Amino acid sequence: GLVWRDAERLVENPPAPNPPDLDELASPPHKQPPDRYLGLPIVNLLGSRGCTHACSFCSIAAWHRRCGGPRLRLRDPERIADEMAALYRAGARLFNFHDDNFVLDDPAAMIERADALARALEARQVGAIAFAVKCRPDAADPRVLARLRAMGLFRVFLGIEAGTDAALGQLGRGQTVAENERALQVVRDLDLHAAYNLLLLNPDSTLEDVAGNVAFLRRHAHHPTNFCRTEVYAGTPLERR
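What you see is a predicted model, and the numbers here were worked out from it, not measured in a lab.

Comments concerning the overall build of the protein
- Secondary structure assignment for the protein yields eight helices and eleven strands.
- A globule of 241 residues ought to have a C-alpha radius of gyration of about 18 Å, and the protein, at 19 Å, matches this closely.
- Seen through its principal axes, the protein has C-alpha atoms that stretch 55 × 55 × 35 Å.
- Every one of the 241 residues in the protein was classed for burial, and the buried ones make up 44%.
- Sequence-distant contacts, at least 24 apart, represent 72% of the contacts inside the protein between residues at least 6 apart.

What to know about the pairing of strand 4 (residues 40-45)
- Here strand 3 (residues 35-37) pairs with strand 4 via three bridges, running antiparallel. What sits directly across from Arg36, in strand 4, is Pro41.
- Between strand 3 and strand 4, which pair antiparallel and follow one another directly, the connecting turn spans two residues, one of which, Leu38, has a positive phi of 55°.

Description of helix 7 (residues 207-219)
- With 13 residues, helix 7 ought to run about 18 Å at 1.5 Å a step, and its terminal C-alpha atoms sit 18 Å apart, in line with that.
- Among the residues of helix 7, Asp209, Gly212, Asn213, Phe216 and Leu217 are the ones counted as buried. Summarising the axial view, the buried residues of helix 7 lie within an arc of 140°, below the 170-degree limit, and thus occupy one face. In helix 7, the exposed residues that point more than 90 degrees away from the buried face are Leu207, Glu208 and Arg218.
- Along its buried surface, helix 7 packs onto strand 9 (153-161), helix 5 (165-170), helix 6 (177-189), strand 10 (193-201) and strand 11 (225-229).

A look at the sheet that holds strand 11
- Judged by pairing direction, the sheet is mixed, and its seven strands sit side by side in the order 3-4-7-8-9-10-11 without closing on themselves. Either end of the sheet is taken by a strand with one partner, and the two such strands are strand 3 and strand 11. Pairwise comparison of adjacent strand axes, ignoring direction, gives a mean angle of 25° for this sheet.
- Against the sheet, helix 4 (residues 142-151) contacts strand 8 (130-135) and strand 9, and its axis sits at roughly 145° relative to strand 9.
- On the sheet, helix 6 packs against strand 9 and strand 10 and is oriented at approximately 170° with respect to strand 9.

Re the environment of Gly1
- Within the element layout of this structure, Gly1 appears in the segment before strand 1 (3-6).
- Assessed through its relative accessible area of 65%, Gly1 is described here as exposed.
- Along the chain, Gly1 and Leu200 lie 199 residues apart, while their C-alpha atoms are 32 Å from each other.
- In contact with Gly1, not counting residues within four places along its chain, are Asn13, Pro14, Pro15 and Ala16.

Rules used throughout
Residues numbered from 1 in each chain as written. Predicted model: local features only at pLDDT ≥ 70, side-chain atom pairs only at ≥ 80, totals over all residues. Heavy atoms only, no water. Helix = DSSP H or I, 4+ residues; strand = E, 2+ residues; numbered from the N terminus. Rg over C-alpha atoms; globule rule 2.2 N^0.38 Å. Buried < 20%, exposed > 50% of the residue type's maximum accessible area, 1.4 Å probe, protein only. Contact = heavy atoms within 4.5 Å. Pairing = 2+ DSSP bridges. Expected span 1.5 Å × (residues − 1). Arc of directions from axis to C-beta. Axes fitted to C-alpha atoms, helices over the stretch in contact; angles between N-to-C directions.

Structure follows, in structure tokens:
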């Protein structure tokens, strides 16, 4: 997967292999001592890799188009619980999941996966913990988030991305402003900490888009957010356009 210079010649190595079974990989190293958040030890981990969506600006989708293999790879809940139990015994109490989309599109499948993880953690005598996840707004099902909250979910990072339907279409998000608004309301109703990101500018932005994005930020000023321009990553549909 590397590109390198051989004198005046550019050499592009073949794409790196895409391991289909994440449970065959060695357990990753973790920072010791761990960072602290809200006064408690916190660790980062992954329960999956990849994403089934294809946003026009996303380097994740571009990587999968180049390297092939399954677009979404899930770790077995038992293996996730093994890692969490080992970290719990080492003192970790907060877990920050960095999955591109922790919450699956299918609510029933997600609840089944959450139940399996909860049983596995209980079997390993993992006590009181809290965890944070990332979620697409159109996957923010109240039943799913309520189930995760019962397990310790305290923070949801929502991929809002834009505050107008026109900008969401330009970014290939496959979601609407109404779904963005609904997702933030669901998280509020469950008394979860919500944060979101918003791409204020993209290459096709109009002044109306920018005004709409600012209006969205104003409507939701009580939620932590970060906003920036849309970066044009190599290999993405946005770069080609």
